[in-house]
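Residue strings, one per chain:
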Amino acid sequence: MKRKNILFNLVLALVGSLVFTACPGGTTPPPVRTLVYPANKIMQTNTVTVEFLTYNPSTGGGNLHPARIQVGPNTDREPNVGISGDMSGGLGEQWQAAVWIASLQASFAVGRDLTDYAVLVRGKGYIDGPSAGALFTAGIMAAMMGIPSRTDVTMTGTVNPDGTVGPVGGIPNKFKAALAAGKKVLGYPIGQRFAMDYQTKQLVDLQALAMQRGARAVEISSIYDAFQLLTGKPFPRPAIVSETEMALDQTMTFLLRKKAAKWNDIYTKYKNKFPAARLDTVPGAVQRFSVGNQFMTKAVEFLREGSIASAYDFAQRGASHSFTSYWYGFFHKFLYITKGKYALLGTVLKKLLLDPVFADIDKGLKFLRKAQPVTVSDLMALIASYEQMVAALSYAVDAQQTSQTAQRIIQNAIALVKKKVPVNAILSAIYSSLKASSYRVGLATVKVEKASDFISFKSTRSNRMIIEPTRLRQVNKIFLGAAQANLKYMDSVLTRSVAKSANKTVESVQKTFMSKYNNYLQAFYSLKIPENYFRKQWGENDPGTLYSQIAGAMGSYFNSSMFLMKYYSLSIRRSRVTGNIEAVKMQKALVNMLKHAEYNSRMYAALAKNAVGEIPATAKIFYNIGLSMKEMETALKIK
């Protein structure tokens, strides 16, 4: 599906083929042609030079480093992002990951595929860190659109997967170095005007610091702000659809009410089974079930006020919690009754949950593989359903592996005791593994049920389409490249930093994250499952394989973005008792993200409408769910 010009809907002159560099000595770039969205096809390599900021912990000061960004036409139609340096091993992993994410975000911003461009970013010296992400994104956008950069401007800030600018450290120290080098305009991330000086350990007003040196400090909230700061030109974002156009039609409203009633039946079933099985005395089970009850109560409120999409979403949340709470209580009680007969518990887990969910997944995948989408709505519903099935299989595979781990510990218990491993530690390891397995197989079961919902989320008036196999494979590579880049970025800025600060191996931190955080698990598994399962069983070029890979990449990108947002960009703090989010350090950044998300939803809806003649039903459903969530508790605002 060829993306059309959203804003002007006419053919404009191609950007001139001049190779340019940053304007020497001036504070204002020379006149350039009018910017358009999407960007015109690039015809010749453009070069932009920027200077990014770093903090040097050994000296306590900041440094400026030049980076040369070259963007030209790409002939091989696959992602082509190159990174080069003047020192072997000089450019660290975080720096390289930031370049990949910057390239990806820049292509999103200018409205063209990343595969349209050959990107090369050259750095000098031994440097690392992601804090040049916003500057690199703006610089790559400028090169993609044929716009020179200003030489008196620099900035610091990471780039988030949603296009907002994320937090960094040592800003006063970096800014002092920039001011000493003659920079007149300095950009800093939203919500960080008062930042810690790592030398003096005092908070510094960045705007006052810049003003004292005859410069100005500017808060930047997104890559579009960064672009305007770097080039002096506002970015031509496409028009957005109205809120009215995002409303659900009567057919979809009826379907969502029907699906919400189904989830209510599931909730009621386990609500009745809960006391009948006397699980209301099991520690933790009642508390878990009460969360499901709260979701279901809210679903009823949404239904009464006519917020049907949110009523559906909260009904399935309520039912999901009731289901997982029931099985949580069941296995706790079973453990007590059997007086620690873990092997029997593992067998029951396999027969009651693992075997049935794998059978349901297999049945669902066979159904999806037979699907032959002939309309836009068919395609979107199919990929949404595949995304849920990939997630279901991810949870089920992890549950199976975790259960097998418990079985191995059981089989080797005597040998472990002989090695003087404390008995309590052995029992705790077995118990924790079985508990985690039962929880995640419950999540897998819920995902299968959601997949059966999503395949039905279609518009009855959708436009017919022809899917070209070559384009499908190309889109597949773009999605996979985006997800892999985001995954690498997540691990470089979070996992490795935690491992370093805790003096642990990266592998051990990854294992801990995988067991504790569903977002982290799904970020990895959603990419691996299509490769290890669908590609091997169905073949590399089978449409079902390609759909599953696109869906898995979507799921991975979403989950790695969620993990980054929570624990890096927003710096959330969870309760040690309940696990709930207690506080968000970067509160202003969260408000900015919510505003940015709503705008982006309607912008991409406009792009879809222009390209294929309609706004997909799934986009409308989740937009309306998001409108409700953004007014609720912090965890839901983030989601």
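Residues numbered from 1 in each chain as written. Predicted model: local features only at pLDDT ≥ 70, side-chain atom pairs only at ≥ 80, totals over all residues. Heavy atoms only, no water.

### Quick word on the packing of helix α6 (residues 250-276) against helix α12 (residues 423-454)
Argument step 1. Running from N to C, α6 and α12 point in directions that differ by 160 degrees, and their axes come no closer than 11 Å. Comparing the axis directions of α6 and α12 gives the class roughly antiparallel. Handedness of the α6/α12 crossing: right-handed. Contacts from K259, K262, W263 and I266 in α6 reach V446, E449, K450, S452 and D453 in α12.
Argument step 2. Taken together, the residues of the contact of α6 with α12 break down into three nonpolar, one polar and five charged. (Axes fitted to C-alpha atoms, helices over the stretch in contact; angles between N-to-C directions. Helix = DSSP H or I, 4+ residues; strand = E, 2+ residues; numbered from the N terminus. Parallel < 35°, antiparallel > 145°, perpendicular 65-115°, else oblique. Left-handed = near helix turned anticlockwise from the far one by under 90°. Contact = heavy atoms within 4.5 Å. Nonpolar A, V, L, I, M, F, W, Y, C, P; charged D, E, K, R; others polar.)

### Examining the pairing of strand β1 (residues 46-56)
Argument step 1. Alignment of β1 against strand β2 (residues 61-73), held across eleven bridges, turns out to be antiparallel. Paired with Y55 across the bridge in β2 is G62.
Argument step 2. Linking two consecutive strands that pair antiparallel, namely β1 and β2, is a turn of four residues; a positive phi of about 80 degrees is found at G60 within it. (Pairing = 2+ DSSP bridges.)

### Some remarks on helix α16 (residues 543-569)
Argument step 1. The first and last C-alpha atoms of α16 sit 36 Å apart over 27 residues, in line with the 39 Å expected at 1.5 Å per residue.
Argument step 2. Within α16, 23 of the 27 residues are buried, leaving the element largely enclosed by the surrounding structure.
Argument step 3. Capping the start of α16, D542 holds a side-chain oxygen 2.8 Å from the backbone nitrogen of G544, two or three residues further along.
Argument step 4. Just past α16, the residue S571 takes up positive phi, approximately 55 degrees. (Expected span 1.5 Å × (residues − 1). Buried < 20%, exposed > 50% of the residue type's maximum accessible area, 1.4 Å probe, protein only. Polar contact = N/O pair within 3.5 Å; in protein donor to acceptor, adjacent residues only side chain to side chain.)

### Some remarks on the packing of helix α15 (residues 518-538) against α16
Argument step 1. Following both chains from N to C, one finds α15 and α16 inclined at 170 degrees, their axes separated by 7 Å at the closest point. By the criterion of interaxial angle, the relationship of α15 to α16 is roughly antiparallel. Where α15 crosses over α16, the two elements pack in a sense that is left-handed.

### Quick look at a nonpolar patch on the surface
Argument step 1. A surface patch of nonpolar side chains, about 400 Å² in accessible area, is lined by F194, M196, Y198 and L203.
Argument step 2. Residue position: L203 is located in strand β10 (residues 203-205).
Argument step 3. Judged by its relative accessible area of 59%, L203 is exposed. (Patch = residues over 30% accessible without salt bridge, like charges linked within 9 Å, V, L, I, M, F, W, Y side chains within 5 Å. Areas by Shrake-Rupley, 256 points an atom, 1.4 Å probe, with all protein chains shown as cover. Salt bridge = Lys/Arg side-chain N within 4 Å of Asp/Glu carboxyl O.)

### Topic: unusual backbone geometry
Argument step 1. Cis rather than trans, the peptide bond between Y37 and P38 has omega equal to -10 degrees.
Argument step 2. Looking at the secondary structure, you find P38 in the segment before β1.
Argument step 3. Phi is positive for K201, which is not a glycine, with a value near 60 degrees.
Argument step 4. In this structure, K201 sits in the loop between β9 (194-196) and β10.
Argument step 5. Positive phi values are uncommon outside glycine, yet S571 reaches one of about 55 degrees.
Argument step 6. Along the chain, the position of S571 falls in the loop between α16 and β12 (572-574).

### Here's the deal with the environment of K435
Argument step 1. Position of K435 relative to the elements: it lies in helix α12.
Argument step 2. The spacing of K435 and F331 is 104 residues in sequence and 7.7 Å in space, taken between C-alpha atoms.

### Some points on the sheet that holds β2
Argument step 1. Pairing in this open sheet of four strands is mixed, and the strands run β1-β2-β4-β3 from one edge to the other. Edge strands, defined here as strands with exactly one partner in the open sheet, are β1 and β3 (80-85). Ignoring strand direction, the axes of neighbouring strands in this sheet form an average angle of 20 degrees.
Argument step 2. The pairing of β2 with strand β4 (residues 117-123) spans six bridges and is classified as antiparallel.

### Side note on the environment of S569
Argument step 1. Of note, S569 is situated in helix α16.
Argument step 2. Aside from chain neighbours lying at most four places away, what touches S569 is N160, P167, L564, M586 and M593.
Argument step 3. At 2.5 Å, the side chain of S569 and the side chain of N160 are in polar contact.

On their own, these measurements won't tell you what the molecule is for.
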